[in-house]
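Architecture at a glance
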Amino acid sequence: MEQKAVQLDRETFSCSICLDLLKDPVTTPCGHSYCKNCIKDHWDREDEKRIYSCPQCRKSFIPRPELLKNTMLAALVEELKKTGLQAAPADHCYAGPEDVACDFCTGRKLRAVKSCLVCLASYCEKHLQPHYESPTFKKHKLVEPSEKLQENICSRHDEVLKIFCRTDQQCICILCSMDEHKGHDTVSAAAERTERQRELEGSRHNIQQRIQDREKDVKLLQQEVEAINGSADKAVEHSEKIFTQLIRLMEERRSDVKQQVRSQQETEVSRVKELQEKLEQEITELKRKDAELKKLSHTEDHNQFLHNYPSLSALSESTHSSSIKIRPLKYFEDVTAAVTEVRDKLQDVLRETWTNISLTVTDVDVLQPQPENMTRADFLRYSCKMSLYPNTAHTLLLLCEGNRKATRMRQQQSYSDHPDRFTGWCQVLSRESLTGRCYWEVEWRERVGVAAAYKNISRAGDSDECGFGFNDKSWMLLCSTDSFNFHHNRVQFLISGPRSSRVGVYLDHSAGILSFYSVSDTMTLLHRVQTTFTQPLYAGLRFYFPPGESAEFCELK
């Protein structure tokens, strides 16, 4: 109770302008008391209007009242000061740099809690009380503190902007409506606000509806993510099991092949060693017989020689050299060839299967750079390791550098027959199939065709159906020292561009883009194909007549 009484004293003896204990208290004719300097400064600001009002009750006085010291209040305030009581507000009530300050505070201003659209002033908690207590302020409009109250005043006529000009779409004062806005379509600002408020509510309704729709979409997408993750996890699990079974089967076959080879090895070695032992025994017998004959041949007594000669045992039948057959190692070579063939077939099957898997994956182009905006560093993100497939190489082509390089030779190479081999055109395809986004570079010399083709391009003979760029299954950039030419389906384009011994090729399979670039210090687009690819592509190289032409898939880092 005592603390409550102290709080009452603080409020009772505080100046409603500075909110501090009264200093030289004076009383206005309406009975309210203020610090002498506070009310004096307040009325000084009203000198131009010649009407002086009480900051609390808003009662007006004409002329300016004479201020007399309230001696009783002064004595009471002095007594309060002796008790150590202070009525200053806490620091957190003062206006900071980002706060709206009270327009009625003097000295250090307090933070405003409301702004009045009629008074066009902002008030702290203390100075706002008359708006709540006095009937004079009953119709005043209080809003959240605002620093833009002066924007409600017409800069030309110094009047409140209460009218909205629909013709010029701006707020004006009553004098503006009779002057430069005369004859315009005008309504009260309140009426325009009501109409715009309805539009705003309609917009908010639409936005809220869109938010609900998007939230439903997000929920559906989240369910799709969960379904994708679940399906992917199952696919990985099942794939792991299948690959484990395949690996186990391969291990079993490897063990069988090893066992068969070792068994055959043991049989053959045993046969050879048996024959070897038989021959060594025959050699020993022959050496013993030779020693006996040698000893008899050195006997000087003729009678003794003739007597002993018949007793010498006859030679056993000799192992004829024709019975010693050195079997060729064809069995083991055949095993190696058979295993190699299995490997190649398995690689082909896995490659084709993986291509089918790749083609079923949706290629999402979210935020992906377009080719015209890509730098070489962007292209290198899609670089792929390329190699040439020996079974497709024409017999005049020599492959080296790990099957990355091909050179046109004079002499035929000893390649075995294969249905994938080009027999008429001096060409070769890559081992790798290309889908999705891929980038590779070719270093060429003399005159070389850099191509991309479907796997089902014809191979046998020298018809147009086999040649890169002469059918609808292949696209080729012919590079030579003096020009570039593009070929597709028997149509040829002469291309201008900087000469370079390196050509870059970019493929976006799903987008149907195949681009050829001249690569040096910079990349220059030579030609771009825009089509629809119906199959995986394979990189190709084509060579012409002079031996020595070469091309190599570059190793990109």
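Definitions and limits used
Residues numbered from 1 in each chain as written. Predicted model: local features only at pLDDT ≥ 70, side-chain atom pairs only at ≥ 80, totals over all residues. Heavy atoms only, no water. Helix = DSSP H or I, 4+ residues; strand = E, 2+ residues; numbered from the N terminus. Areas by Shrake-Rupley, 256 points an atom, 1.4 Å probe, with all protein chains shown as cover. Pairing = 2+ DSSP bridges. Axes fitted to C-alpha atoms, helices over the stretch in contact; angles between N-to-C directions. pLDDT = per-residue confidence, 0-100. Contact = heavy atoms within 4.5 Å. Polar contact = N/O pair within 3.5 Å; in protein donor to acceptor, adjacent residues only side chain to side chain. Buried < 20%, exposed > 50% of the residue type's maximum accessible area, 1.4 Å probe, protein only. Phe/Tyr/Trp six-rings, centres within 6.5 Å; stacked < 30°, edge-to-face > 60°. Lys NZ or Arg CZ within 6 Å of the ring centre and 35° of its normal. Core = buried A, V, L, I, M, F, W, Y, C linked by side-chain atoms within 4.5 Å. Salt bridge = Lys/Arg side-chain N within 4 Å of Asp/Glu carboxyl O. Expected span 1.5 Å × (residues − 1). Patch = residues over 30% accessible without salt bridge, like charges linked within 9 Å, V, L, I, M, F, W, Y side chains within 5 Å.

Some points on the overall build of the protein
- Secondary structure summary: the protein contains nine helices and 24 strands in total.
- Only carbon and sulfur atoms are counted for the fraction: they give 53% of the accessible area of the protein, which is about 36000 Å².

Observations concerning the sheet that holds strand β20 (residues 502-508)
- Read across the open sheet, the seven strands follow the order β12-β13-β24-β15-β20-β21-β22; overall the sheet is antiparallel. The open sheet has two free edges, formed respectively by β12 (397-400) and β22 (523-530), since each of these has just one partner strand. On average, each strand axis in the sheet is inclined to that of its neighbour by 20°, with strand direction left out of account.
- Of the strand pairs in this sheet, β12 and strand β13 (residues 405-408) are connected by four bridges, and their pairing is antiparallel. Counted as the bridge partner of Leu398 is Thr407 from β13.

Overview of the confidence of the model for the protein
- When pLDDT is averaged along the protein, the result is 85; 89% of the residues meet or exceed 70.
- Per-element averaging of pLDDT across the protein places helix α1 (residues 2-12) at the bottom with 50 and strand β23 (residues 537-543) at the top with 96.
- In the model, residues 1-8 has pLDDT below 50 throughout and makes one contact with residues more than four positions away in sequence or in other chains.
- With pLDDT under 50 throughout, residues 362-367 is counted as low confidence; its partners more than four residues away or in other chains account for five contacts.

Regarding the side chain of His181
- Along the polypeptide, His181 turns up in the loop between α5 (174-177) and β11 (186-188).
- There is a polar contact of 3.0 Å between the side chain of His181 and the side chain of Asp168.
- Residues contacting His181, with those up to four places away along its chain left out, are Cys165, Asp168, Gln170, Ile172 and Cys176.

A few points about the pairing of β12
- Burial along β12 is one-sided: the residues Leu397 and Leu399 are buried and none of Leu398 and Cys400 is.
- Hairpin connection, β12 to β13: the antiparallel pair is bridged by four residues, and Glu401 has positive phi, about 55°.

A short note on the packing of aromatic side chains
- In this structure the tally under the stated criterion is 14 aromatic pairs.
- Among the aromatic residues, those joined into a cluster by ring pairs are Phe379, Tyr382, Tyr439, Tyr506 and Tyr517.
- One cation-aromatic arrangement involves Arg447 over Tyr544; the distance from NZ or CZ to the ring centre is 4.3 Å.
- Above the ring of Phe422, the side-chain terminus of Arg459 is found at 5.1 Å from the ring centroid.

Thoughts on the nonpolar core
- Judged by nonpolar contacts, the single largest core of 38 residues is most densely connected at Trp440 and Leu514.
- Membership of the second largest hydrophobic core comes to 17 residues, among which are Cys38, Trp43, Tyr52 and Cys54.

A word on the pattern of salt bridges
- Scanning the entire structure with this criterion turns up 25 salt bridges.
- With its nearest N and O atoms 3.1 Å apart, the salt bridge here joins Lys345 to Glu341. Here Lys345 and its partner Glu341 are both found in helix α8 (residues 330-360), four residues apart, which amounts to about one turn of the helix.
- Its relative accessible area of 43% is what places Glu341 among the partly exposed residues.

Describing the side chain of Arg404
- With respect to the element layout, Arg404 can be found in the loop between β12 and β13.
- Residues in contact with Arg404, not counting those within four places in the same chain, are Met386, Leu388, Ala551, Glu552, Phe553 and Glu555.

Brief notes about the sheet that holds strand β9 (residues 163-165)
- Taken together, three strands build an open sheet; the order of strands is β10-β9-β11 and the sheet is antiparallel. Looking at which strands have only one partner, the edges of the open sheet turn out to be β10 (170-172) and β11. Strand-to-strand twist of the sheet, defined as the mean angle between neighbouring strand axes without regard to direction, takes the value 35°.
- Bridge count between β9 and β11: three bridges; the pairing is antiparallel. Residue Ile163 lies in a different strand from β11, and its bridge partner there is Ser188.

Quick word on the environment of Ser383
- Its location among the elements puts Ser383 in the loop between α9 (376-380) and β12.
- Taking the C-alpha atoms as reference points, Ser383 and Val505, 122 residues apart in sequence, are found 9.7 Å from one another.
- Setting aside anything within four residues of it in sequence, one finds Ser383 in contact with Tyr439 and Leu556.
- Looking at Ser383, its side chain comes within polar contact range of the main-chain oxygen of Leu380, at 3.0 Å.

Remarks on helix α6 (residues 189-297)
- In a regular helix each residue adds 1.5 Å, so 109 residues correspond to 162 Å; α6 covers 151 Å between its end C-alpha atoms and thus fits that length.
- Among the residues of α6, Glu192, Glu268, Glu282, Lys289 and Leu296 are the ones counted as buried.
- The inward-facing, buried residues of α6 abut β9, β11 and α7 (302-308).

A look at a nonpolar patch on the surface
- Among the surface-exposed residues, Ile242, Phe243, Leu246, Ile247, Leu249, Met250, Leu346 and Leu350 lie close enough to one another that they form a single nonpolar patch of about 720 Å² accessible area.
- Listed by contribution, the elements that provide at least two residues to the nonpolar patch are α6 and α8.
- The element best represented in the nonpolar patch is α6, accounting for six residues.
- Within the element layout of this structure, Leu346 appears in helix α8.

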